[in-house]
Amino acid sequence: MAILNILHFPDPRLRNKAQVVKSFDDNLRKLAADMLETMYQAPGVGLASTQVNDLRRLVVIDVSESHDDPLCLVNPEILEKHGEHKMEEGCLSVPGVYEPVTRATDIKVRAQNLEGETIEFEADDLLAVCIQHELDHLDGKLFIDNLSNLKRQRIRKKLEKEERQAQPEPIGQAL
Ligand code: NI
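Everything numeric here is computed off the predicted structure, so don't read it as measured data.

A. Expanded view of the overall build of the protein. The helix and strand tally for the protein stands at three helices and seven strands. Across the protein, helices and strands are ordered from the amino to the carboxyl terminus as α-β-β-β-β-β-β-β-α-α. Taken over the C-alpha trace, the protein has a radius of gyration of 17 Å; the compact-globule value for 175 residues is 16 Å, and the two agree within 12%. Projected onto the principal axes, the alpha-carbon positions of the protein cover approximately 60 × 40 × 30 Å.

Listed below in structure tokens is the structure:
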């Protein structure tokens, strides 16, 4: 397994739309395993393929307290949405930023597992929020898109500054 590089806002690749997965092969299973390892290490409760610059429609999620209940959803779609509530969200691609987002409270989901079998289930609470957040990623959307332009610009400046400060100082003399 490997730790993958997580793209950070405003990287334009986060705006890419992921494509429907047709081959359920070892390569897909390796991507899922790598994404789970990357998510657990971050640490986070969800990660979408577009965040690691892969365009297969795959999200990995684990909202359990013990971090041992991974869920891999391939080609996921939301069939039904009910209710509405506001919850503070964060994102591994927008580090250090937490903002309230309004989402459906109960959802019905259809997806495929890593073997290509279709699964359907209902979700609420944090799992429902997480699935809606991750599915947005697959369509190139970020949770901060719901904020005002001004607020988003502030976040962009803050993250760009942090990114610059994280660059190592050049060593030695330029020739
Ligand atoms: Ni996210």
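Don't stop here, the text continues.
B. Quick peek at the UniProt feature "binding site: Fe cation" (unreviewed entry) in the protein. In the UniProt entry, the feature "binding site: Fe cation" (unreviewed entry) is given for C91, H133 and H137. These annotated residues cover 47 residues of sequence, but their C-alpha atoms sit close together, with the largest distance between any two at 10.2 Å. Examined against the element boundaries, H133 turns out to sit in helix 2 (residues 125-138). Residues in contact with H133, not counting those within four places in the same chain, are E89, G90, C91, R103 and F143.

C. Structural detail: helix 3 (residues 149-166). Relative to the 26 Å expected for 18 residues at 1.5 Å per residue, helix 3 spans 26 Å between its end C-alpha atoms, a close match to the ideal helical length. Those residues of helix 3 that sit buried are R152, I155 and L159. Around the axis of helix 3, the buried residues are gathered within 60° of arc, so they sit on the same side. Facing away from the buried side of helix 3 by more than 90 degrees, the exposed set consists of N149, L150, R154, K157, R164 and Q165.

D. Layout of the coordination of the nickel ion. With distances of 2.1 to 2.2 Å, the protein atoms coordinating the nickel ion are C91 (SG), H133 (NE2) and H137 (NE2). Judged by relative accessible area, H133 falls into the buried class, the value being 8%.

E. Spotlight on the UniProt feature "active site" (unreviewed entry) in the protein. Under the local residue numbering, the UniProt record ascribes the feature "active site" (unreviewed entry) to E134. Mapped onto the elements, E134 comes out in helix 2. If near-sequence neighbours (up to four positions away) are discounted, E134 is found in contact with G46, L47, A48, Q51, V59 and I61.

F. Structural view of a negative patch on the surface. A cluster of acidic residues, E80, D106, E122, D124 and D125, forms a negative patch at the surface. Along the polypeptide, E122 turns up in strand 7 (residues 118-123).

G. Layout of the pattern of salt bridges. Per the stated rule, a full pass over the model turns up 15 salt bridges. Notably, a salt bridge pairs D11 with R13, separated by 2.8 Å at the nearest N-O pair. Note on R13: relative accessible area 37%, which makes it partly exposed. The partner of E120 in a salt bridge is R110, with the nearest N and O atoms 3.1 Å apart. With E120 in strand 7 and R110 in strand 6 (residues 106-112), this residue pair connects regions lying 10 residues apart in the sequence. For E120, a relative accessible area of 44% puts it in the partly exposed group. A residue is classified by how much of its surface remains accessible, and R110, at 32% relative accessible area, is partly exposed. Look at the salt bridges and you will find they share partners, linking E77, K108, R110 and E120 into a network.

Reading the values: the criteria
Residue positions within a chain follow its written sequence, with the count starting from 1. Side-chain atom pairs in this predicted model are given and counted only at pLDDT of 80 or more, local residue features only at pLDDT of at least 70, and totals for whole chains, interfaces and linings cover all residues. No hydrogens and no water enter the side-chain calculation; it runs on all heavy atoms of the structure. A run of H or I in DSSP becomes a helix once it reaches four residues, and a run of E becomes a strand once it reaches two; helices and strands are each numbered from the N terminus. Note that the radius of gyration is over C-alpha atoms, with the globule rule given as 2.2 Å times the number of residues to the power 0.38. UniProt positions are given in the numbering used here, feature names are shortened, and annotations may be inferred rather than shown by experiment. The contact criterion used throughout is that any non-hydrogen atoms of two residues lie within 4.5 Å. Working rule for helices: expected span equals 1.5 Å times residues minus one. Three labels apply to residues, based on accessible area from a 1.4 Å probe with only protein chains included: buried if under 20% of the type maximum, exposed if over 50%, partly exposed otherwise in between. It is the directions from the helix axis to the C-beta atoms that the arc portrays. In this analysis a donor is any N, O or S atom within 2.8 Å of a metal ion (3.2 Å for sodium, potassium and calcium), and since water is not included, sites may seem incomplete. Exposure above 30% relative accessible area and the lack of any salt bridge qualify a residue for a patch; like charges then connect within 9 Å, and the nonpolar side chains Val, Leu, Ile, Met, Phe, Trp and Tyr within 5 Å. Here the Shrake-Rupley method, with its probe set to 1.4 Å, supplies the accessible areas, and only the displayed protein chains count as covering residues. Salt bridge criterion: a side-chain nitrogen from Lys or Arg within 4 Å of a carboxyl oxygen from Asp or Glu. In summary, the charge assignment counts Lys and Arg as positive and Asp and Glu as negative, without counting His or the chain termini. To locate a charge, take NZ of a lysine, CZ of an arginine, CG of an aspartate or CD of a glutamate.

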